[in-house]
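Structure assessment
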Amino acid sequence: MKLIGAYRSPYVRRVAVSLNLMGMAYEHDPIPVFDEQDAVRKYNPLVRIPTLVLDDGESLLESYAILDTLDDMAGPEKRLLPANGPERRALLKLTAIATGTMDKAIWAVYEGRFHPKEKIHRPWIEHNEEQACGGLGFLNDCAKEANDGWLGGGNRIGQADVSGAIAYAFTNMARPKLELAEKFPALAAFSARCEAMDAFSSVAP
Ligand SMILES: N[C@@H](CCC(=O)N[C@@H](CS)C(=O)NCC(=O)O)C(=O)O
């Protein structure tokens, strides 16, 4: 299978780390989504990354849908979110807080990147940054409680951990002025612990 999109995208990265953790081999094609739209459109009518092209040519899109399919393919031992039950519900919530944090950090970035200077609306950037910090604060409390364990408890890394660690790393990289390591030290330490794993460091942004 082929994963389309640069690892700078936190959504691409959470798919890449998940593939690594599940031990699934893939080819990486870091097509720049804004510069080579037709190359992405061929696989995804929304022209967004990540897009995962399966060996039979079918393409999967939207990271949550891609990961749901990969969990299904990986089977019970390797899947990163439980298939059902209250544990799934709790971990989906944590994962949604992590991906919502990514959304908000990206919206803050896009406001500055895609508007001419005179049309950039600072309050909208601050609004999104505040929401991203809300998500990171919640994850920081989970990291504090987890101590040296995983965000959602349990004895092995799961999707809430992957997405939580990447949400922090991406927001910290994209919004350095927010000084996140000082605001959220437990999450910063958790993210650093994950980033030291091969599954993460081999797909650094
Ligand atoms: N909800 C989507 C978000 C994906 C997304 O926003 N990707 C960005 C790159 S980080 C993108 O493709 N942007 C191009 C655009 O929206 O025009 C997912 O989880 O996959």
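Residues numbered from 1 in each chain as written. Predicted model: local features only at pLDDT ≥ 70, side-chain atom pairs only at ≥ 80, totals over all residues. Heavy atoms only, no water.

**A word on the site of the ligand**
Close to the ligand lie Ser-9, Tyr-11, Val-33, Phe-34, Arg-48, Ile-49, Pro-50, Glu-62, Ser-63, Ile-106 and Tyr-110, which account for all nearby residues. Ile-49 is positioned with one of its backbone polar atoms (N or O) 2.8 Å from a nitrogen atom of the ligand. Here a nitrogen atom of the ligand sits 3.2 Å away from a polar atom, N or O, in the side chain of Tyr-110. Here the ligand has 510 Å² of accessible area as a free molecule, and 81% of this is covered by the chains. (Near = heavy atom within 4 Å. Polar contact = N/O pair within 3.5 Å; in protein donor to acceptor, adjacent residues only side chain to side chain. Areas by Shrake-Rupley, 256 points an atom, 1.4 Å probe, with all protein chains shown as cover.)

**Observations regarding the nonpolar core**
If you look at soluble globular proteins, the nonpolar side chains tend to sit buried side by side. Leu-3, Leu-19, Leu-52, Leu-70, Phe-190 and Phe-200 are the most contacted members of the largest nonpolar core, which has 59 residues in total. Built from parts of two domains, this core gets at least three residues from each of domain 1 (2-74) and domain 2 (85-201). Sequence-distant contacts of Phe-190, defined by excluding residues within four places in its chain, comprise Ala-143, Gly-149, Trp-150, Leu-151, Asp-161 and Ala-165. (Core = buried A, V, L, I, M, F, W, Y, C linked by side-chain atoms within 4.5 Å. Buried < 20%, exposed > 50% of the residue type's maximum accessible area, 1.4 Å probe, protein only. Domains from an automatic or database assignment. Contact = heavy atoms within 4.5 Å.)

**Quick word on the sheet that holds strand S4 (residues 59-61)**
In space, the four strands of this open sheet follow the order S2-S1-S3-S4, with mixed pairing throughout. In the strand order of this sheet, the two ends are held by strand S2 (27-29) and S4, each with one partner. The average angle at which neighbouring strand axes cross in this sheet is 20 degrees, direction not considered. Direction of pairing for strand S3 (residues 51-53) relative to S4: antiparallel, over a ladder of three bridges. Counted as the bridge partner of Val-53 is Ser-59 from S4. In the packing of helix H1 (residues 10-22) onto the sheet, the strands contacted are strand S1 (2-4) and S3, and the crossing angle to S1 comes to about 160 degrees. (Pairing = 2+ DSSP bridges. Helix = DSSP H or I, 4+ residues; strand = E, 2+ residues; numbered from the N terminus. Axes fitted to C-alpha atoms, helices over the stretch in contact; angles between N-to-C directions.)

**A word on the domain arrangement of the protein chain**
When the parts of a complex come together, some accessible area is lost, and that lost area is often used as the size of the interface. On domain assignment, one finds that the protein chain holds domain 1 (2-74) and domain 2 (85-201). The distance between the C-alpha centroids of domain 1 and domain 2 comes to 20 Å. Between domain 1 and domain 2, the contact holds twelve residues from the first and 21 residues from the second. Contact between domain 1 and domain 2 buries roughly 1400 Å² in total, counting both sides, with carbon and sulfur atoms accounting for 64%. The largest contributions to the domain 1 side of the interface with domain 2 come from Arg-13, Arg-14 and Phe-34, which together make up 38% of the buried area. The tally of links from domain 1 across to domain 2 stands at two salt bridges. Here Asp-68 ties to Arg-88 by a salt bridge, and the two come within 3.8 Å at their closest N and O atoms. Summed over the shared surface of domain 1 and domain 2, the number is six residue pairs in polar contact (both at pLDDT 80 or more). Where the side of domain 1 that touches domain 2 is concerned, the elements lending two or more residues are H1 and helix H3 (63-74). For the side of domain 1 that touches domain 2, the element with the highest residue contribution is H1, accounting for eight residues. (Buried area = accessible area lost by both parts, 1.4 Å probe. Salt bridge = Lys/Arg side-chain N within 4 Å of Asp/Glu carboxyl O.)

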